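Below are the chains, spelled out letter by letter.
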Amino acid sequence: QVQKPTTTRRCSVFGDPHIYTFDGGFYTYKGDCWYIIAMDKSLQWFVYGWFSSCGLYSSCLESLSIIMRGETTSQIQFLRGYAINLGYKKMFLSRGQSETIGGVKISFTGDRLIAELLKFSVTVTFDGFTGGSVILEKDVPTMGLCGNNNGDPSDDFSSFYDGVERSSNDFADAWSVGRGCKLSAEFEEPEISLDLDRGR
């Protein structure tokens, strides 16, 4: 049986935190802020992530927010514990249940929340703890922590608006939004020196 070619790419955020870009690049980043995880270049949909401290030198994904433009703008936030914040109310879905709100189909599989942006063939998942993903068609131009989705991981860190090549930390810092952020430099672990004379 001939397998159908894969037509989608996935970006994943997990742990404290680690990020696989759409193009297969990998980096680790520590910051405490809102970040644009992914958005399309035509500015029709956005996925934001809230990262918060989860250890002395770590930060973890705490929630995912999805904004989709259309006749009306849909805003949905996935929270820890599988809660869904619609802005005007908080709701929960039972296993296997789904609802469509403003062009976004939301479902709960029992171990993850899923949002399908029906108009754009974009799927966003959240495991209810620290892991999330964005799945979309190949070569849809994107921006954000997930890179540009052009099939080339070597230029992911130059996909900010100005096209400047950055380190992974500077690249992720550039996608932070909001005030009062604790960015990568504030998470640097102190150097530990060995005292070779101790105990002599």
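What you see is a predicted model; the values in this text were computed from it and never measured.

Trainee: What is the right way to read the overall build of the protein chain from this model?
Mentor: When helices and strands are counted, the protein chain shows 1 helix and 16 strands. Dimensions of the protein chain, computed from C-alpha atoms along their principal axes, come out at roughly 70 × 45 × 35 Å. The burial tally for the protein chain puts 42% of its 200 residues in the buried class. Across the protein chain, the fraction of contacts at a sequence separation of at least 24, relative to all contacts at a separation of at least 6, is 47%.

Trainee: Would you take a moment to explain the packing of aromatic side chains for this structure?
Mentor: Remark: the centre distance and the inter-plane angle together describe each pair of aromatic rings, the angle taken between the planes. This model, assessed by the stated rule, comprises 13 aromatic pairs. Both rings, one in Tyr 82 and one in Phe 108, keep their centres 4.8 Å apart while their planes meet at 50°; by these two values the pair is tilted. Of this pair, Tyr 82 sits in the loop between strand S7 (74–79) and strand S8 (83–85) while Phe 108 sits in strand S11 (residues 104–108); the two residues are 26 residues apart in sequence, bridging distant segments of the chain. Since its relative accessible area comes to 24%, Tyr 82 is described here as partly exposed. Look at Phe 108 and you get buried, because its relative accessible area is 10%. Look at Phe 157 and Phe 171: their rings are 5.3 Å apart centre to centre, the planes differ by 45°, and that puts the pair in the tilted class. Here the residue Phe 157 occupies a position in the loop between strand S15 (142–143) and helix H1 (168–174), and Phe 171 occupies one in helix H1, the gap between them amounting to 14 residues. Residue Phe 171 is classed as buried on the basis of its relative accessible area of 0%.

Trainee: Even after reading the chapter, I still don't get the nonpolar core, so can you show me in this structure?
Mentor: The biggest cluster of nonpolar side chains holds 44 residues, and the ones touching the most others in it are Ile 37, Phe 78, Ile 84 and Leu 145. For this core, the element with the highest residue contribution is strand S4 (residues 32–40), accounting for 6 residues. Excluding its chain neighbours within four sequence positions, the residues that come into contact with Ile 84 are Ile 76, Gln 77, Phe 78, Lys 89, Lys 90, Met 91, Leu 93, Ile 106 and Leu 113.

Trainee: Would you mind going over the confidence of the model for the protein chain with me for this structure?
Mentor: Note: predicted coordinates in regions of low pLDDT should not be interpreted at a detailed level. Residue-level pLDDT values for the protein chain average 89, and 91% of them are 70 or greater. Note on residues 191–200: pLDDT under 50 across the span, and 0 contacts to partners over four residues away in sequence or across chains.

Trainee: Explain the pairing of strand S10 (residues 98–101) here, please?
Mentor: Residues in a regular strand point their side chains to alternate faces of the sheet. Pairing between S10 and S11: 4 bridges, direction antiparallel. Within S11, the position partnered with Ile 101 by the bridge is Val 104. Linking S10 to S11, which pair antiparallel, is a turn of 2 residues; within it Gly 102 sits at a positive phi near 55°.

Trainee: What am I meant to see in the environment of Phe 120 here?
Mentor: Turning to its location among the elements, Phe 120 is positioned in the loop between strand S12 (113–117) and strand S13 (122–126). With 21 residues separating them along the chain, Phe 120 and Glu 99 place their C-alpha atoms 17 Å apart. Phe 120 has contacts with Gln 44, Trp 45, Met 68 and Arg 69, leaving out every residue within four places of it along the chain.

Trainee: Even after reading the chapter, I still don't get the environment of Gly 180, so can you show me in this structure?
Mentor: With respect to the element layout, Gly 180 can be found in strand S16 (residues 176–182). Judged by its relative accessible area of 80%, Gly 180 falls in the exposed class.

Trainee: So what exactly am I meant to see when it comes to the side chain of Asp 23 here?
Mentor: Relative to the assigned elements, Asp 23 resides in the loop between strand S2 (18–20) and strand S3 (26–28). Within the buried core, Asp 23 has no salt-bridge partner, and the shortest N-O distance to an opposite charge, that of Arg 9, equals 4.0 Å. A distance of 3.5 Å separates a polar side-chain atom of Asp 23 from the backbone nitrogen of Asn 149.

The rules we used
Positions within a chain are numbered from 1, following the residues in the order the chain's sequence is written. In view of the model being predicted, local features appear only for residues whose pLDDT reaches at least 70, and side-chain atom pairs are presented and counted only at 80 or more, with totals across whole chains, interfaces and linings using the full set of residues. Excluding hydrogens and water, the side-chain values take into account all heavy atoms of the structure. A run of H or I in DSSP becomes a helix once it reaches four residues, and a run of E becomes a strand once it reaches two; helices and strands are each numbered from the N terminus. Exposure classes here rest on a 1.4 Å probe applied to the protein chains alone. A residue is buried below 20% of its type maximum, exposed above 50%, and partly exposed in between. Any two residues whose heavy atoms approach within 4.5 Å at even a single point are treated as in contact. Between the rings of Phe, Tyr and Trp (Trp by its six-membered ring), a pair exists once the centres lie within 6.5 Å; its type follows the angle of the planes, with under 30 degrees stacked, over 60 edge-to-face, and the other angles tilted. In these notes, a set of buried Ala, Val, Leu, Ile, Met, Phe, Trp, Tyr and Cys residues joined through side-chain atoms within 4.5 Å is what counts as a nonpolar core. As a per-residue measure, pLDDT tells how confident the predictor is, with possible values from 0 to 100. Paired strands, as defined in this entry, are two strands with at least two bridges between them according to DSSP. Positive charges come from Lys and Arg alone, negative charges from Asp and Glu alone, with His and the N- and C-terminal ends not counted. Salt bridge, as used here: a side-chain nitrogen of Lys or Arg that lies within 4 Å of a carboxyl oxygen of Asp or Glu. Any pair of N or O atoms that falls within 3.5 Å is considered a polar contact. Within protein, one atom must be able to donate a hydrogen and the other to accept it, and sequence-neighbouring residues count only if both atoms are side-chain atoms.

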